[in-house]
Amino acid sequence: MKLLVLVKPVALIETASFNDDFSIRRDRSRHEISFCDAYALNVARKVKQLAQNVSITVLSMASEAQIALLECLKVYDIDELVHVCDRSFAQSDTLCTSYILSEAIRMRGGFDLILSGQQSTDSETGQVPAQVGIFLGIPFLSSVTDVELKDNHLCCIRYTETAKMVWEIPFASCIALCSKGQGLSPPSLRSLRNAKQVPTIRLTNEDLMLPLERIGLQGSPTWVMKCTKHQMERRDALWIRDPEQGAKAIWEEVRRIFREQRRPDLKKDALPEELTGVDPNVVVLSFLFDVPAFETSLEILSHAAELGKAGSVLVLGSSLDEAVVERFVKAGAISIRFLRCDESLSEAIYAGRIQQALRGSIHTILGGATVRMRSCMSALAALTGSGLAADCTQFFLTQEGSLSVIRPAFGGNLEAMIALKSRLQMATIRPKAYPIRDYHAVSPVPVEMLDLDVPSLVSRCVLQQPLAEAHDTNLPIIFSVGNGIQDEVLRKRIFAFGFRQAATRVAVNAFSLDYSLQVGQTGHLVHPALYVGFGIHGAFQHIVGMKHSERIIAINNNARAPIFDYADIAICCDAEQVVFQLEKLVSDKEEMDEL
């Protein structure tokens, strides 16, 4: 069995140095192998240990400056290192990079399984694995946490925002893995001895012979217009150093949220607005089987209408009822096309069906930045050769139909404005970036039912388990734990309050918690009414995932913990004492009766 692992040297966010235009100074920045790629290599090494006649090839598209870092991977049980490097590849965007990688893979040939990390220097877009799969004509699957080899297929565990899924996918596929550990497992003595015999194969464009119009800046359908230093908004925290007072402050915030939920009069409904302009060539994608993607599609429709570009919606699902149609219309949709699709099918199939459904002079496709929509949009971009800007926080449409977006870069340290120059422009927008507005329909909105069929590769979800209510993304209150909550009993007591559960990446890895709990740059982005962090230090990557919470309460006995800079209430106390006082309040019958 021949395994291929795609790896990428990435600049350490903490040490990244930038030029005046905010492009990275690679000669002054420390680099490491992306931790998700490291996990992918760990998975490949595990397969090699358990099976016979397994070889591992590591392939990386990197500059000459990173070759020393790549050479270090030879001690980790690999049999071959392939370094793809050429000056003509410089400034390639994601689509070009995927194309170059796929051609290099095709040249090396004959791999039974391709593994890669889900994420590199930014959020978990998973674009490259999906697009490599499309270019090579093989199945792909993103956001995978575990892979098990069966007799004639792979069994993969995958988490979305709302479900745990088990997928069966054939060999000769491309799998994007989310990290479940920290760094590479230690090398074996045998691999240390054999490291010097591992060959390095260098591939340039003289070997690949790729047309210049498809690589580098010339071939890239997206380019960065400008970057600005992003300063995350800090909050002026109210400091509390008494556990009992801290518990009361938490409980008062909980009571306030429950009171507001019970009183609809506190939320005044705005009068429906009139559409100021329409553009039928702006299409918003929506999945009815993916609640976050559905809700985000309403937000995108509303903002497009606000820009005077009210567009149409292309929605996938098993059935379309009048209530859903009404929600789309109120959000600003001027037409609706419904594609009947089973939710157990792969995103490659969805992308193929969407490509068939596209017609006319459509110039913009937008969708929510959720696990399945990201994967689908990445595949669609590869199928159509279009530019895709992923995980954006803002988007803009000119009167001529040009799309530009703003997205975080380098873990949120920078904000990049990206322009798209392909005929078909695409972007995924993060949930909760815009409010859902209420619009008057200009006329009866047409609804078209489509039932297209596309020959597809065999991969299917065979089991789907909705996450427990404690993981419900719609719950307004989150209780989250960090590495400071070392005691398992204490973690259970915190989660026993019954609010949505969450954790930092360090806590998920250290305590073997469910990956679906992970909040941050490499996990879920959350926007609750109240986020309560117990024992969380406040790493930048975690702050990125929860900074948009309406209210943040942090409990940590270290007064210098960075999380306090982003908290509304800073409780500098022992977390166990605060939990004990909170349990006393919860056990108070009068307090509970009021809720």
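Quick look at the structure, then. (Residues numbered from 1 in each chain as written. Predicted model: local features only at pLDDT ≥ 70, side-chain atom pairs only at ≥ 80, totals over all residues. Heavy atoms only, no water.)

Before going further, it helps to examine a nonpolar patch on the surface. Together, Leu217, Trp223 and Met225 give the surface a local cluster of nonpolar side chains, amounting to about 280 Å² of exposed area. Mapping Leu217 onto the fold places it in helix 7 (residues 216-219). (Patch = residues over 30% accessible without salt bridge, like charges linked within 9 Å, V, L, I, M, F, W, Y side chains within 5 Å. Areas by Shrake-Rupley, 256 points an atom, 1.4 Å probe, with all protein chains shown as cover. Salt bridge = Lys/Arg side-chain N within 4 Å of Asp/Glu carboxyl O. Helix = DSSP H or I, 4+ residues; strand = E, 2+ residues; numbered from the N terminus.)

What follows is about the pairing of strand 6 (residues 113-117). With five of five residues buried, strand 6 lies mostly within the body of the structure. Going residue by residue along strand 6, you find Leu113, Leu115 and Gly117 tucked away on one face and Ile114 and Ser116 tucked away on the opposite face as well. As judged from the four bridges shared by strand 1 (residues 2-6) and strand 6, these two strands associate in the parallel manner. Residue pairing for strand 6: Leu4 is matched across the bridge by Ile114. (Buried < 20%, exposed > 50% of the residue type's maximum accessible area, 1.4 Å probe, protein only. Pairing = 2+ DSSP bridges.)

What follows deals with the state of the cysteines. Per the stated rule, a full pass over the model turns up zero disulfides. Here Cys36 stays unpaired: no disulfide links it, and the sulfur of Cys178, its closest cysteine neighbor, is 6.2 Å away. Here Cys155 stays unpaired: no disulfide links it, and the sulfur of Cys156, its closest cysteine neighbor, is 6.8 Å away. (Disulfide = S-S within 2.5 Å.)

For the rest of this paragraph, the subject is the pairing of strand 15 (residues 310-317). Counting buried residues along strand 15, eight of its eight residues qualify, which places the element largely inside the surrounding structure. On the question of chirality, the crossover connecting strand 14 (residues 278-287) to the parallel strand 15 by way of helix 9 (residues 291-306) is right-handed. Relative to strand 16 (residues 336-340), strand 15 runs parallel, the two sharing five bridges. The residue of strand 16 that forms the bridge with Leu314 is Arg337. The parallel pair strand 15 and strand 16 is bridged by helix 10 (residues 322-331), and the resulting crossover is right-handed. (Right-handed = clockwise from strand over helix to strand, strands pointing away.)

Mapped onto the elements of the fold, Ser375 is located in helix 12 (residues 371-384). By relative accessible area, Ser375 is classed as buried at 1%. Ser375 has contacts with Ala130, Phe140, Ser142, Arg158 and Glu347, leaving out every residue within four places of it along the chain. (Contact = heavy atoms within 4.5 Å.)

On the basis of which strands lie adjacent, the open sheet formed by six strands has the order 13-29-28-27-25-26 and parallel pairing. Taken across any chain shown, the strands that pair with only one partner, and hence form the sheet edges, are strand 13 (238-240) and strand 26 (500-503). Recorded for the sheet is a direction-independent mean angle of 20° between the axes of neighbouring strands. Of the pairings in the sheet, the one linking strand 25 (residues 477-481) to strand 27 (residues 530-534) comprises five bridges and is parallel in character. Across the sheet, Phe479 pairs through a bridge with Val532, a residue of strand 27. Against the sheet, helix 13 (residues 488-495) touches strand 25, strand 26 and strand 27, its axis set at about 175° to strand 25. (Axes fitted to C-alpha atoms, helices over the stretch in contact; angles between N-to-C directions.)

So, about the pattern of salt bridges. When charged atoms on two side chains of opposite charge get close, those side chains can pair. Applying the stated criterion across every chain yields a total of 28 salt bridges. A salt bridge links Lys150 to Glu148; its shortest N-O distance comes to 3.1 Å. Classification of Glu148 by relative accessible area gives partly exposed; the value is 43%. Put simply, Arg235, Glu253, Arg256, Glu260, Arg551 and Asp568 are held in one network by salt bridges that share partners.

In this section: the packing of aromatic side chains. Using the criterion set out here, one finds ten aromatic pairs in the structure. Look at Tyr99 and Phe135: their rings are 5.9 Å apart centre to centre, the planes differ by 70°, and that puts the pair in the edge-to-face class. In this pair, Tyr99 sits in helix 3 (residues 94-108) while Phe135 sits in helix 4 (residues 127-136), placing the two residues 36 residues apart along the sequence. Each member of the pair, Tyr99 as well as Phe135, is classed as buried. Their ring planes at 80° and their centres at 5.4 Å tell us that Phe294 and Phe328 sit as a pair that is edge-to-face. Here the residue Phe294 occupies a position in helix 9, and Phe328 occupies one in helix 10, the gap between them amounting to 34 residues. The class for Phe328 is buried, based on a relative accessible area of 0%. The side chain of Lys2 reaches across the aromatic face of Phe111, ending 4.9 Å from its centre. Sitting above the plane of the Tyr99 ring, Arg214 keeps its charged end 3.8 Å from the centroid. (Phe/Tyr/Trp six-rings, centres within 6.5 Å; stacked < 30°, edge-to-face > 60°. Lys NZ or Arg CZ within 6 Å of the ring centre and 35° of its normal.)

Tallying each qualifying case throughout the model produces one cavity of 30 Å³ or more. Computed from the structure, the largest cavity encloses a volume of approximately 70 Å³. If you go around the largest cavity, the residues you meet are Thr160, Thr162, Ala163, Met165, Phe289, Asp290, Glu343, Arg372 and Gln464. Residues belonging to the lining of the largest cavity are distributed by class as follows: three nonpolar, three polar and three charged. (1 Å grid on protein atoms, 1.4 Å probe; cavity = no way out; pocket = protein on both sides within 12 Å on 5 of 7 lines; lining within 4 Å. Points joined across faces, edges and corners; volume = space filled by probe spheres on them. Nonpolar A, V, L, I, M, F, W, Y, C, P; charged D, E, K, R; others polar.)

With that settled, the discussion passes to unusual backbone geometry. Look at Lys432: it is not a glycine, yet its phi comes out positive at around 70°. Tracing the backbone through its elements, the reader meets Lys432 in the loop between strand 22 (425-429) and strand 23 (447-450). In this model, Ser512 sits at a positive phi of 55°, which is unusual for a non-glycine residue.

C-alpha of Phe135 to C-alpha of Ala382: the two residues are 247 residues apart in sequence and 7.0 Å apart in space. Other than its neighbours up to four places away in sequence, Phe135 contacts Leu95, Ser98, Tyr99, Ser102, Arg106, Arg214 and Ala382.

Turning our eyes to something else, we now look at the nonpolar core. Grouped together as the largest cluster of nonpolar side chains are 56 residues, with contacts concentrated most on Leu59, Val84, Ile105, Leu285, Leu316, Ile354 and Ile365. At seven residues, helix 12 tops the list of elements feeding residues into this core. Look past the residues within four positions of Val84 in its chain and what remains in contact with it is Leu59, Ser60, Met61, Ala62, Phe89, Ile100, Ala104, Leu203 and Leu208. Judged by nonpolar contacts, the second largest core, of 36 residues, contains Ala249, Ile477, Ala507 and Leu530. (Core = buried A, V, L, I, M, F, W, Y, C linked by side-chain atoms within 4.5 Å.)

What follows covers the sheet that holds strand 17 (residues 364-368). In spatial order, the strands read 18-22-17-14-15-16-23; together these seven strands make up an open sheet with parallel pairing. Either end of the sheet is taken by a strand with one partner, and the two such strands are strand 18 (387-392) and strand 23. Adjacent strand axes in the sheet meet at a mean angle of 20°, parallel and antiparallel pairs treated alike. Of the strands in this sheet, strand 14, strand 15, strand 16 and strand 23 are in contact with helix 11 (residues 347-357), which crosses strand 16 at around 140°.

Don't take any of this as a statement about function, it's just geometry.
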